[in-house]
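# Reading the structure
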Protein chains: 2
Amino acid sequence: MSDRREFRDLAPPERAREVVEDLAIDPDPERVPLSDARGRVLAERVDATLDVPGFDRASMDGYAVRAADTVGASEVDPVELSVAGAVHAGEEPDVTVREGVAAEISTGAVMPPGADAVVIVERTDETEAGVAVRTAVTPGENVLVAGADIAAGARALGPGTELTAREIGLLSALGVDSVPVRGRPRVGIISTGDELVRPGEPVDSDAGEIYDVNSYTVAAGVEAAGGEPVVYPHAGDDFEEMERVLHEAADDCDLVLSSGSTSASAVDVIYRVIEERGDLRLHGVAIKPGKPMLVGTIGESAYVGLPGYPVSALTIFRTFVAPRLRSAAGLAEPRTATVTGEMAVRERSQDGRHRLVPVGLVETATGETLVYPVDKGSGATTSLVEADGTVTVDADTDYLAVGEHVEVRLFSPSVRPPTLLGVGEADPRLSELLDRLERPRYLPVGTREATRRLEAGIPDVAVVSGPDAVPEAATVLGSWEREWGLIVDPQAAVSGLDDLVDSDVGFVNREQGSGLRASFDAALDALAADRGEEPATIRHAVDGYELTTKGHESPARRVRSGAADAGLGLASTAVDLDLGFVPLGTETVTVLAHPDRTEKPSVERLRELLETDTE
Amino acid sequence: MSDRREFRDLAPPERAREVVEDLAIDPDPERVPLSDARGRVLAERVDATLDVPGFDRASMDGYAVRAADTVGASEVDPVELSVAGAVHAGEEPDVTVREGVAAEISTGAVMPPGADAVVIVERTDETEAGVAVRTAVTPGENVLVAGADIAAGARALGPGTELTAREIGLLSALGVDSVPVRGRPRVGIISTGDELVRPGEPVDSDAGEIYDVNSYTVAAGVEAAGGEPVVYPHAGDDFEEMERVLHEAADDCDLVLSSGSTSASAVDVIYRVIEERGDLRLHGVAIKPGKPMLVGTIGESAYVGLPGYPVSALTIFRTFVAPRLRSAAGLAEPRTATVTGEMAVRERSQDGRHRLVPVGLVETATGETLVYPVDKGSGATTSLVEADGTVTVDADTDYLAVGEHVEVRLFSPSVRPPTLLGVGEADPRLSELLDRLERPRYLPVGTREATRRLEAGIPDVAVVSGPDAVPEAATVLGSWEREWGLIVDPQAAVSGLDDLVDSDVGFVNREQGSGLRASFDAALDALAADRGEEPATIRHAVDGYELTTKGHESPARRVRSGAADAGLGLASTAVDLDLGFVPLGTETVTVLAHPDRTEKPSVERLRELLETDTE
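One structure accompanies this document, and this report is about it. Everything quoted here is computed from the prediction, not taken from an experiment.

Cut-offs used in this document
- Residues numbered from 1 in each chain as written.
- Chains lettered and ligands numbered in written order.
- Predicted model: local features only at pLDDT ≥ 70, side-chain atom pairs only at ≥ 80, totals over all residues.
- Heavy atoms only, no water.
- Pairing = 2+ DSSP bridges.
- Helix = DSSP H or I, 4+ residues; strand = E, 2+ residues; numbered from the N terminus.
- Axes fitted to C-alpha atoms, helices over the stretch in contact; angles between N-to-C directions.
- Expected span 1.5 Å × (residues − 1).
- Buried < 20%, exposed > 50% of the residue type's maximum accessible area, 1.4 Å probe, protein only.
- Arc of directions from axis to C-beta.
- Least-squares fit on C-alpha atoms with pLDDT ≥ 70 in both.
- Contact = heavy atoms within 4.5 Å.
- Buried area = accessible area lost by both parts, 1.4 Å probe.
- Salt bridge = Lys/Arg side-chain N within 4 Å of Asp/Glu carboxyl O.
- Polar contact = N/O pair within 3.5 Å; in protein donor to acceptor, adjacent residues only side chain to side chain.
- Nonpolar A, V, L, I, M, F, W, Y, C, P; charged D, E, K, R; others polar.
- Parallel < 35°, antiparallel > 145°, perpendicular 65-115°, else oblique.
- Left-handed = near helix turned anticlockwise from the far one by under 90°.
- Phe/Tyr/Trp six-rings, centres within 6.5 Å; stacked < 30°, edge-to-face > 60°.
- Lys NZ or Arg CZ within 6 Å of the ring centre and 35° of its normal.

## Structural notes on the sheet that holds strand E8 (residues 124-126) of chain B
All names here are of chain B. If you walk across this open sheet you meet the six strands as E7-E4-E6-E5-E9-E8, and the pairing is mixed. Every interior strand has two partners, whereas the edge strands, strand E7 (117-120) and E8, have only one. Taking the axes of each pair of neighbouring strands and ignoring which way they run, one obtains an average angle of 40 degrees across the sheet. By the bridge criterion, four bridges tie strand E4 (residues 62-65) to E7 in an arrangement that is antiparallel. Residue Gly62 lies in a different strand from E7, and its bridge partner there is Ile120.

What follows is the structure, given as C-alpha cells:
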C-alpha cells in the first residue's frame, strides 16, 4: 500500500519543530478599530502625539488658589479668600485667580490662570466673604500638570505588546481610535475522506460514515492560537476535487492544514500537488500519537498534513503547529502548566518512539494527585475529553512504574482535575445527580470494569448494577432501583421473554460486563431452569443474543431505526424514545466509594444528594 | 457639594462583594452553532444519541479476518488465506469473510460480516493465492467496536463545561452542530461627563476636554470576563439626556455600568433614576483606589456605578464586577497568579482604608523580583500599563518597609515582568532601540529623576542627557549625540537665542530635570556671561521661560498649533513635524546600567545594539 513509504524515515520531534518554525506564515499587519483590538498584538510602536492631560487639571473638588496665599493656614487659623467664580470639567475657565482670590473648581477642570494649587473642599468652609481655607498647600498640590500622565513624543506602547483592557485604556487616553496590529495567520482546514459527514447531517453507519471531527477541533485550536480558521468543504477522496480544494486553499491562506484521509489515494493527491507546486520538507515524525505528519509548501502557502485520528491530529497540531501560529500572530507562548503526580497503574511502552501519553488526573482525599493513562484505542474521540494532559515518555524508557512520580503537562493552564472521578454503569438518574456536582468526570465502563478499577484504587466512586457481587472493601453511598426489560416497536408482537426464544424476533443485546446484561442472562437462566433446558440452548435460540452494543440506549435506538424488533434496556429509555416496553424485572444500581476517599468533598456531596434526592 | 454624601458610610470590601454577588444578572441560555462555541459554557448536559463509531471499525490498514483462522500463524509459519475483496472507508462492505477467507481493509472501514479482527498490513505478504498472514490475532484486535468510543445514552458533557477544542471534537463526533450555552450577560456601559471626547475626534484642551478612557477599558474588561459590552454614546451632564440613556440601557441590558462623571449633577441624575425605578443597595466601599462605588438596580437591570478615574474604575471593575460576570457566564475564576518579591522602596499608607497598591516588577540579575509602587497621581492612565499587579495593604498596616517580602497579585496569569526596566529621557533613537528588545518597560521621567532612581537601585538602566553629571557608580552602556535648538514656525523670524531674549517671541520651555532644559539653561547662562548680565535677568527676558512642558515633542506641537512661536526641542522633531529649526548645540545621550545588572540578558542585548547600531 502506497502510504507505507511516508513512515520510512521518521524525523525526531526537535527536527519537526525546526521545520515548522521555518515555515513562512507571517501575515501582513492590519489596522483595526480600538473596539476590536482586545487580544491583538501591536505591529508597530505607538508614540504619544499629544500631552495627557492636555492642560493643568484639578485632581480634586475644591478651590483653585495661589499656593502662596495659603501659607500659614491651619484648622485653628484659616485664611479667608474671595471667590471669583467657578470652573467645571469640560469648560474653559472664565476667571483669573489673583492674589487673595480663589475659584471653586471641580475634579477634572482646567486650572484657571494664576492658580497653581487646589485646596480640597473638605478643608474649606464657605463664608460670607468667600471661602475659609483651613490648610496650606504647596504649588502643584492636587493638580495634574499637562503631560504629567504621558507627554507628546513619548513611547507609549512598543511593537509586540498584547492589547488588554489596560493598554486599550492608554490608547484611548491618547485619542487613538484604530491601531496597527499583527495580522492573524489565515489557516485553511481541509478534512479528507469519503467517510466523513458534517455534524448536523444524517450519518449512514452501514456505509461506514462518521462525523468529521478534525475540521472543528483544528479550527478551534487555530482560533485559540491567534489564527483565523477557514474550513473548506471536504472533498471526499475524489482526486480532482481534492486537488482543486488544495489549490484554492493554498492561494487564499498563509497555511493549509489537511487532516489525513487514511486512504492511499488522498495521500497520493497531496504528494502530487506538493510535487507540482511546492516543496516537501518533512514526512513522518517519531512521536506517538501522530507519526504521519507532512510539512512543506504549496505555492505561496505553507502546508502541514495532520494525521487522521482526532487525538493524533490535535496532538500534532498542539505540539508543532500552534506554537508557530502564536509566533506568527505575535502572541506569547502560554506559561506551561504542569502538575506532578503518582502513576496509579503501570504504563508500558510498546516501541522506541517518543510518546505523549494522554493521562487523566484524580485527587486522593489527602490532596495527592494520581495519574492514569487514557487510552481508548486509536481513533477514539472521548480520549480528547477524558484526559487532562500528557506525560512525555522518552524513546528509551521501557515503562512507567506504579507510584512513579511523573510530570503532567496540562492541556492548558485553565485545566483543573475533576472534583470526582466516577466509573461504571450509564444511568439516567445518575446523569442527573452528576449534573449537580461541579466538574465531575464519569466513565461509563460498565459494572465489571468499574469493579476492577475501584479495586485498583483509581476512581473515587464506582456505580454498579445487576446480580453480580458488590466488592467487599467498598463503601456504599446509596442506591436506587431501575426497571429493565425489552424495548420494542409498539407494533411488534412481543410480550415476554418466551417470545424472544420461541418467535422470530430480532433482538439487540448489551455487552458483557454491563449490569443489564447480567440481569438479562440471569433471567434467561431462570427460564432455562423453568423449562428444564440447558442455558446455552435458550441463549442460542434468541436471534441476536450475540449482537451486543455498548450504550444503555443503543439497543433502543436500533429498534427505533427499524434495525431490530426488541432491545435490552430501561423502562425510562422506552418512555424517552417513545417506544413500547415489556418489563422483565428491576435491578439495583449501587454507588460505591473508594473507602479512602469518603472524606473527599465531592464524594460527601454525592452521598448527600443520594440521601436527600429520593425519587 | 452634594456628592459628598455618598462616601459617608463606606462598606467593607467583603460586604461590597456580597452585594454585587447578589445582583441578578444571569442571562437566558442560548443555542449557538458549533463553529461559534469555543469559549462558551454548556447550559445543559449533552448526552450521546448515537453510538460512536456507529459500526465495528477497522483501526489499521490490513486484512479483515476471522481470528480463529490465524491461530498458530507466525513469521516462520504463515497462514495463507484467500482474499474475497476489499473494503474502503465510507463504503458498505460487499464481501463476507468465511472460514479461510480474508478481505483487504482500510483504516476506518466497516468490518465485513464474518470478520472479527484485523491483521495489520505490515505482518502480511501478498501471494498468488491471496495473502500470507505472519501473525496470530485475537478477536477484536485492531477493531474499534460500535459504541466503544461513546455509546448512545451516555452522558457526554455535563452542564457548566467550558468548550475548548477537545469538547468541540467530542460534540462533532456525536453529530451535534449546535449547542445550548450559557448566555453572555449584556452589559451597558455609560460614561458621563461634559469633558469627555470619543477617541478619533478632536479634543479641545483649552476647554478642558479629555478622551473617554473608561468606556473602552471597561468594554474590554467585560468582554474578557465573558460579557457582551454595549457602549452607549455618552450624554455629557445633560440631565434629561442622561436619564434617557440610563433608562434605555436598563431596559436592554442585564447590568448597567456607569463610570462616574465627577460632577454633582450627574450623580444626582443617577440617584434620581435609582430612586424612581430601582433600589440603591450600597454606596461607597472602603478601598483605595476606588471608594466611590454605587450598587443597586434600575428597573429589571442591575446597576454598578464605577469611579471616574480610569485606574479606580478598572480596579473596582476587576475586583467586584468581573467575578460576577464570570459566574453569570458560567466561566471559572482564573487561577490567581501571584509573584513574591521584595519592596524596593518604602510605601507608606495615608489612611485607614484597605488599599490595592498598583506595583511594577523588575528582576535583578540573580532572578530576584523587586517590587515598586506605581503612583502617578490620581487620574493618570499610564499607571494602567506601568504596573504589573497589585499588593494588598490592610487598613491597619502603616507602611511596607524596604526589603519586606510582599505578594503581588498579577493583573492576569499572562502578565510577565518586563525584561528590562529603563527610566530617563525620551528620545527617538532610544525608542527605536527599545523596539528591538522583547517586552521592555521605559518610563520617561527625565534625567534628574532617572539618576535618582538608578541610585536607589530600582531600574536596570537610566538614560540621561545634558550637562548634568553622570552618577559615578553606573556603568556606561553607550551613548549618542543629539542636536537641539529652537523649533519654530517656518515663517517666524527667529534665528538664535538672542531673538528669544530681545524680541517678542512666544517661547515654550521644557520642565526642570530634563536634559534639554539643562542644556538650554547652560546656553542662556553662557549668553548672560557674554553680555555681562545676571543669568536671572536673561531668563526673565525670555517670554515663556516659565511655561514648561513634559514631553520632548510638546513644545513643537504647541508651535505647530500656533500657540507659540518657538519651542525647545530636537532637530529630528522639527523634521518629523515639518517645522523650522534653529540649532543651538548638541548634547550627549548616555545609557547607564545599574552596575549589578550588567549581566542581565536584556541589558547585554541593549549594550550590543548600542555597539553595532551606530548611526
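## Details of helix H15 (residues 601-612) of chain A
Residues and elements named next belong to chain A. Between its first and last C-alpha atoms H15 spans 16 Å; for 12 residues at 1.5 Å apiece the expected length is 16 Å, and the two agree. Burial in H15 covers these residues: Ser602, Val603, Leu606, Leu609 and Leu610. Angular distribution of buried residues about the axis of H15 spans 120 degrees; they occupy a single face of the element. What points out from H15, more than 90 degrees from its buried face, is the exposed set Pro601, Glu611 and Thr612.

## A look at the pairing of strand E28 (residues 405-410) of chain B
Residues and elements named next belong to chain B. Residues Val406, Val408 and Leu410 line the buried face of E28, whereas the alternating positions His405, Glu407 and Arg409 sit on a face that is not buried. In this structure, strand E22 (residues 338-343) lies alongside E28, joined through five bridges in antiparallel fashion. Bridge pairing links Val339 to Val408 in E28. In this structure, strand E26 (residues 389-393) lies alongside E28, joined through two bridges in antiparallel fashion. Bridge pairing links Gly389 to Leu410 in E28.

## Notes on the relation of the copies chain A and chain B
Of the two same-sequence chains, chain A is brought onto chain B (RMSD 0.1 Å, axial shift 0.0 Å) by a rotation of 180 degrees. Seen this way, the second copy is the image of the first under a two-fold rotation axis. In terms of proximity to the rotation axis, the leading residue of chain A is Pro413(A), whose C-alpha is 4.5 Å off the axis. Same-surface contact between copies: 100% of interface residues of chain A are shared with the interface of chain B.

## Considering the interface of chain A and chain B
Facing 108 residues of chain A, the contacting portion of chain B comprises 109 residues. Both sides together, the interface formed by chain A and chain B hides about 8,800 Å², and carbon and sulfur atoms give 56% of it. Linking chain A with chain B are six salt bridges. Taking the shortest distance from any N to any O, the salt bridge between Asp435(B) and Arg45(A) comes out at 2.6 Å. Summed over the shared surface of chain A and chain B, the result is 34 residue pairs in polar contact (both at pLDDT 80 or more). The element contributing the most residues to the side of chain A that touches chain B is helix H2 (residues 165-173) of chain A, with eight residues. Among the residues forming the side of chain A that touches chain B, the class breakdown is 50 nonpolar, 25 polar and 33 charged.

## Section: the pattern of salt bridges
Side chains that carry opposite charge are capable of pairing whenever their charged atoms lie near each other. If you walk through the whole model with that rule in mind, you get 72 salt bridges over all chains. Where Glu241(A) meets Arg244(A), a salt bridge forms, and the shortest distance between an N and an O atom there is 3.1 Å. Note that Glu241(A) and Arg244(A) are positioned in helix H4 (residues 239-252) at a spacing of three residues, about one turn of the helix. For Glu241(A), a relative accessible area of 30% puts it in the partly exposed group. Overall, Arg244(A) belongs to the partly exposed group, its relative accessible area being 43%. Each of Arg45(A), Asp47(A), Arg155(A) and Asp435(B) takes part in one network of salt bridges that share partners.

## A closer look at the sheet that holds strand E30 (residues 440-443) of chain A
All names here are of chain A. Read across the sheet, eight strands follow the order E30-E29-E31-E36-E32-E35-E33-E34 without closing on themselves; strand pairing throughout is mixed. Every other strand in the sheet has two partners, leaving E30 and strand E34 (548-549) as the edge strands with one partner each. Bridging between strand E33 (residues 507-510) and strand E35 (residues 566-570) involves two bridges; their strand directions are parallel. Note that in E35 the partner of Val508 across the bridge is Gly567. Against the sheet, H15 contacts strand E29 (420-424), strand E31 (461-465), strand E32 (475-488) and strand E36 (580-593), and its axis sits at roughly 60 degrees relative to E32.

## Details of the side chain of Thr451(A)
Residue and element names in this part refer to chain A. By the element assignment, Thr451 lies in helix H9 (residues 447-455). The exposure class of Thr451 is buried, given its relative accessible area of 14%. Not counting chain neighbours up to four residues away, the residues in contact with Thr451 comprise Val464 and Pro471.

## Regarding the pairing of strand E21 (residues 301-306) of chain A
Residue and element names in this part refer to chain A. Among the six residues of E21, six are classified as buried, and the element is accordingly described as predominantly covered. Burial of E21 is two-sided: the residues Ser301, Tyr303 and Gly305 facing one way and the residues Ala302, Val304 and Leu306 facing the other way are all buried. Bridge count between strand E17 (residues 255-259) and E21: five bridges; the pairing is parallel. Of the residues in E21, the one forming a bridge with Ser259 is Leu306.

## Notes on the environment of Thr364(B)
Residues and elements named next belong to chain B. Note that Thr364 resides in the loop between strand E24 (354-363) and strand E25 (369-373). Not counting residues within four places of it along the chain, the set of residues in contact with Thr364 comprises Leu370, Arg597 and Lys600. Within the local environment of Thr364, its side chain forms a polar contact with the side chain of Thr366, the two groups lying 3.1 Å apart.

## Structural notes on the packing of helix H3 (residues 214-224) of chain B against helix H6 (residues 310-329) of chain B
Residue and element names in this part refer to chain B. Across the interface, H3 lies against H6 with an axial gap of 10 Å and an inter-helix angle of 25 degrees. Regarding the angle of H3 to H6, the classification is roughly parallel. Crossing handedness for the pair H3 and H6: right-handed. On the side of H3, the interface is formed by Asn214, Thr217, Val218, Gly221 and Val222, while H6 contributes Pro310, Ala313, Leu314, Phe317 and Leu325.

## Focus: the side chain of His594(B)
Here His594(B) is to be found in the loop between strand E36 (580-593) and helix H15 (601-612). In this structure His594(B) touches Leu454(B), Gly457(B), Pro459(B) and Asp460(B), once residues within four positions along its chain are discounted.

## Overview of the environment of Val118(B)
Residues and elements named next belong to chain B. For Val118, the location among the structural elements is in strand E7. You can call Val118 buried: its relative accessible area is 0%. Each C-alpha atom, one on Val118 and one on Leu609, is 63 Å from the other, the two residues being 491 residues apart in sequence. Each residue touching Val118, except ones within four places of it in the same chain, is listed here: Ala58, Met60, Gly62, Tyr63, Ala64, Ile105, Met111, Val137, Glu141, Asn142 and Val143.

## With respect to helix H2 (residues 165-173) of chain B
Residue and element names in this part refer to chain B. Burial within H2 is extensive, with nine of its nine residues counted as buried. Taken together, the buried positions of H2 are Ala165, Arg166, Glu167, Ile168, Gly169, Leu170, Leu171, Ser172 and Ala173. Following H2 by one or two positions, Gly175 adopts a phi angle in the positive range, close to 80 degrees.

## Let's talk about the packing of aromatic side chains
What the rule picks out here adds up to four aromatic pairs over all chains. Each ring, one from Phe520(A) and one from Tyr545(A), has its centre 6.4 Å from the other, and the planes form 25 degrees; the classification is stacked. Here Phe520(A) is found in helix H11 (residues 515-531), whereas its partner Tyr545(A) is found in the loop between helix H12 (535-541) and E34, with 25 residues between them in sequence. Here Phe520(A) and Tyr545(A) have matching classes, each one buried. One aromatic cluster is present, built from ring pairs that chain together Phe507(A), Phe520(A) and Tyr545(A). The ring centre of Trp480(A) lies 5.0 Å from the NZ or CZ of Arg429(A), which sits over that ring. A cation over a ring is seen here: Arg346(B) above Tyr399(B), with NZ or CZ 3.8 Å from the ring centre.

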